[in-house]
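Structural characterization, general
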Amino acid sequence: MAVHVEDHPLIKHKLGLMRQKDISTKDFRDLASEVARLLTYEATQDIETEQKVIEGWAGEVKIETIKGKKITIVPILRAGLGMMDGVLDLIPSAKVSVVGFYRNEETLKPVQYYFKTASAMEERTALILDPMLATGGTLIATIDLLKEAGCQRIKGLFLVAAPEGISVVEKKHPDVDIYTASIDACLNDVGYILPGLGDAGDKIFGTK
Ligand code: URA
């Protein structure tokens, strides 16, 4: 597994703003989109292109276009939706596959309640979106689902990741690459990332 910590100055600056205690919903939402856009730029560096010849203003011209089926993005409900617009700004033709989990309060395991994919998943690169990679349980369950659906190239984009989460995902799915703006210190005893961002879903949706 390759773990890419994107330390571009714009990413660091924007993530720093997101950590402020009393940040408004609007600012948090805007920044989540902006950081997601920058992570997308990094996570798509290696997608394949193919050459085409088109009619340009001064005759034939060779251009490069992205090869194969369109990328699918996979926001994990609900907080992953907060990264979706930023990613779609750069990949407007991406297909959106959506996955939803709730947590079983007895087993603490993620239970799937929604999964709707694009067609031909075996031919697409999937970019999973979740602001926080915390314990890694939901991410592992999402990757399991995507692989069952035939997906062969999977990457995950996270605003912040915890070392504990990265290590469990790496053991189960070493073929999945991770792109994050920061690897923070640790998880607290209820699974929140420290120093982290707090509850990213609540901050994006303006709920408590
Ligand atoms: N989910 C969040 O929203 N925040 C965390 O710190 C961990 C999981």
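Remember, predicted model here, so these are calculated numbers, not experimental data.

Looking now at the pairing of strand β6 (residues 98-103). Pairing between strand β4 (residues 72-77) and β6: 2 bridges, direction parallel. The residue bridging Leu77 from the neighbouring strand is Gly100, located in β6. A loop of 6 residues connects β6 with strand β7 (residues 110-116), the two strands running antiparallel in sequence, and Leu108 in this loop sits at a positive phi of about 65°.

A word on the confidence of the model for the chain. One rule of thumb: low pLDDT means the predicted coordinates there are not for detailed reading. Mean pLDDT over the chain stands at 96; residues scoring 70 or higher make up 100%. Scoring the predicted complex yields pTM 0.96 and, for the interface, ipTM 0.96.

Let us look at the UniProt feature "binding site: 5-phospho-alpha-D-ribose 1-diphosphate" (unreviewed entry) in the chain. According to UniProt, the feature "binding site: 5-phospho-alpha-D-ribose 1-diphosphate" (unreviewed entry) maps to Arg78, Arg103, Asp130, Pro131, Met132, Leu133, Ala134, Thr135, Gly136, Gly137, Thr138 and Asp199 in the numbering used here. Relative to the assigned elements, Pro131 resides in the loop between β8 (125-129) and β9 (132-133). Residue classification places Pro131 among the buried positions, given that 31 C-beta atoms sit within 10 Å. If sequence neighbours within four positions are ignored, Pro131 has contacts with Ala32, Ala79, Gly82, Met83, Phe158, Leu159, Leu197 and Ala200. Considering the arrangement of structural elements, one finds Thr138 in helix α4 (residues 137-148). Here Thr138 is in contact with Ile76, Phe101 and Pro110, once residues within four sequence places are set aside.

Note that Ala79 resides in the loop between β4 and α3 (81-90). Separated by 75 residues in the primary sequence, Ala79 and His4 place their C-alpha atoms 21 Å from one another. Once residues lying within four places of it in the same chain are set aside, the contact partners of Ala79 are Asp130, Pro131, Met132, Ala200, Gly201 and Ile204.

For the rest of this paragraph, the subject is the pairing of β7. Sheet topology note: the β6/β7 ladder contains 6 bridges and is antiparallel. Looking across to β7, one finds that Arg103 is bridged to Pro110.

Criteria and cut-off values
- Residues numbered from 1 in each chain as written.
- Predicted model: local features only at pLDDT ≥ 70, side-chain atom pairs only at ≥ 80, totals over all residues.
- Pairing = 2+ DSSP bridges.
- Helix = DSSP H or I, 4+ residues; strand = E, 2+ residues; numbered from the N terminus.
- pLDDT = per-residue confidence, 0-100.
- UniProt positions renumbered as here; feature names shortened; annotations may be inferred.
- Buried ≥ 20, exposed ≤ 12 C-beta atoms within 10 Å, placed from the backbone.
- Contact = placed C-beta atoms within 7 Å.

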